[in-house]
Amino acid sequence: MRAQYILGTDTAAAQRLRVLDEVYHQTTMALLERVGLCKGWRCADIGCGTGRVTVAMAGQVGAASVVGVDEAEAFVDMARQFAAERKSVNAGFVFGNAYAPPLPSAQFDLVYARCLLSHLNEPLQALRAMTALARPGGSVVIEDIDCGGVFAHPEAPALMQHLDLYQRAMRLNGGDPLIGRKLPRLCRKAGLAGVQFQVVSPSEPREPVKHLYPLTLACLKPAIIEAGLATASEVDALVAKLNAMADDPTVTISSCPMVQVWARKS
Ligand SMILES: C[S@@+](CC[C@H](N)C(=O)[O-])C[C@H]1O[C@@H](n2cnc3c(N)ncnc32)[C@H](O)[C@@H]1O
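Residues numbered from 1 in each chain as written. Predicted model: local features only at pLDDT ≥ 70, side-chain atom pairs only at ≥ 80, totals over all residues. Heavy atoms only, no water.

**Student:** Would you mind going over the nonpolar core with me for this structure?
**Tutor:** A general trend in soluble globular proteins is that nonpolar side chains are found buried together. Counting 45 residues, the largest nonpolar core has Leu159, Leu217, Leu220 and Ile224 as the members making the most contacts within it. Other than its neighbours up to four places away in sequence, Leu159 contacts Val150, Phe151, Ala152, Tyr213, Leu242, Met245 and Ile253. In this structure, Ala98, Tyr99, Leu117 and Ile179 belong to the second largest nonpolar core, which totals 31 residues. (Core = buried A, V, L, I, M, F, W, Y, C linked by side-chain atoms within 4.5 Å. Buried < 20%, exposed > 50% of the residue type's maximum accessible area, 1.4 Å probe, protein only. Contact = heavy atoms within 4.5 Å.)

Structure (structure tokens):
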């Protein structure tokens, strides 16, 4: 079975990726700085979506090039448009699969993926393919979610219900919503050296942090209905409750913990 990306590739899905990037942009850039991203680095962003991180990386590497790969043609088109709007001439995008990216082997100083492996049913295979792209001594950097640590106060049953639906839909599709905690071990299994990790959970900017949950559920609606996990009206009602929770300034909600792992190709 090959997992399909279940959050969609329409404009609502693209809007969700914009908000996802608002939540995690700063922690992603801090991670890339930590691994040494600098002028001259050739980089690959696998499962690049609409290209927000790809373009940000391209802004750091001077005249070197950064290439984003995604299996969703709609996202590849949007990424190209985003790069053009940002006048990012050294960010390029290709259509391709994470299991066999259409890129040269052993050429990249940095091979990166954010929120890709949690959607795949063979994450180790994809990680090995990413490792093959890195030059000897190059960096492989992965960020992915771990839904286990999300909290709200006062207790928010709607959020817990959403997380339950989200995790069930992901698993039915072959994905793993708790992949974050498994990433260091997966990286070692892929043969990477010097594996290090940290967990980040941004609380700012507050609006995107809180609204990412209803946006995600709305994008997941077709997959939830298809899997028979809930009806359309049940999902709509839950999205409304999550929006009300997000708009309530007295409710504290954490972002989904993001596990950041970095390692070197021997
Ligand atoms: C949650 S999005 C993350 C996008 C981007 N990395 C970001 O952080 O904004 C996951 C992306 O992985 C892509 N994807 C899923 N499975 C893939 C596969 N097998 N090969 C390539 N891309 C894939 C999806 O099309 C989607 O763009």
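Structure's up, so let's keep going.
**Student:** Looking at this structure, how should I read the environment of Leu110?
**Tutor:** With respect to the helices and strands, Leu110 occurs in strand 4 (residues 108–114). Assessed through its relative accessible area of 0%, Leu110 is described here as buried. If we ignore the near neighbours within four places in the chain, the residues touching Leu110 are Leu32, Leu37, Trp41, Arg42, Cys43, Ala44, Met57, Ser139 and Val141. (Helix = DSSP H or I, 4+ residues; strand = E, 2+ residues; numbered from the N terminus.)

**Student:** Even after reading the chapter, I still don't get the packing of aromatic side chains, so can you show me in this structure?
**Tutor:** Aromatic ring pairs are defined here through the distance separating the ring centres and the angle between the ring planes. Here the structure, examined in full by the defined rule, presents 1 aromatic pair. Here Tyr5 and Phe75 contribute two aromatic rings whose centre-to-centre distance is 6.3 Å and whose plane-to-plane angle is 65°, an arrangement assigned as edge-to-face. Residue Tyr5 is located in the segment before helix 1 (11–34), and its partner Phe75 is located in helix 3 (residues 73–85); the two are separated by 70 residues in the primary sequence. Since its relative accessible area comes to 26%, Tyr5 is described here as partly exposed. What makes Phe75 buried here is its relative accessible area of 2%. One residue, Arg52, lies across the ring of Phe82, its end atom 4.3 Å from the ring centre. (Phe/Tyr/Trp six-rings, centres within 6.5 Å; stacked < 30°, edge-to-face > 60°. Lys NZ or Arg CZ within 6 Å of the ring centre and 35° of its normal.)

**Student:** What is the right way to read the environment of Ala100 from this model?
**Tutor:** When you line up the elements, Ala100 lands in the loop between strand 3 (91–95) and strand 4. Accessibility expressed as a relative area gives 57% for Ala100, which makes it exposed.

**Student:** Explain unusual backbone geometry to me, please; I cannot follow it from the model alone.
**Tutor:** Most peptide bonds take the trans form, and the phi angle of most residues other than glycine is negative. The step from His153 to Pro154 runs through a cis peptide bond, and the omega angle for that step is -5°. Glu204 connects to Pro205 through a cis peptide bond whose omega is -5°. Note on placement: Pro205 falls in the loop between strand 7 (193–200) and helix 7 (206–226). For Lys87, which is not glycine, the phi dihedral falls at a positive 55°. Relative to the assigned elements, Lys87 resides in the loop between helix 3 and strand 3. Among the residues examined, Lys87 registers a relative accessible area of 70% and is labelled exposed.

**Student:** Quick question: what am I supposed to make of the site of the ligand here?
**Tutor:** Neighbouring the ligand are 19 residues; Gly47, Asp70, Phe75, Ala98 and Arg114 lie closest to it. Between the ligand and Asp70, the relevant distance is 2.6 Å, taken from an oxygen atom to a side-chain nitrogen or oxygen of the residue. At 2.8 Å from a nitrogen atom of the ligand is found a main-chain nitrogen or oxygen belonging to Ala98. Split into classes, the residues belonging to the shell around the ligand amount to 10 nonpolar, 5 polar and 4 charged. (Near = heavy atom within 4 Å. Polar contact = N/O pair within 3.5 Å; in protein donor to acceptor, adjacent residues only side chain to side chain. Nonpolar A, V, L, I, M, F, W, Y, C, P; charged D, E, K, R; others polar.)

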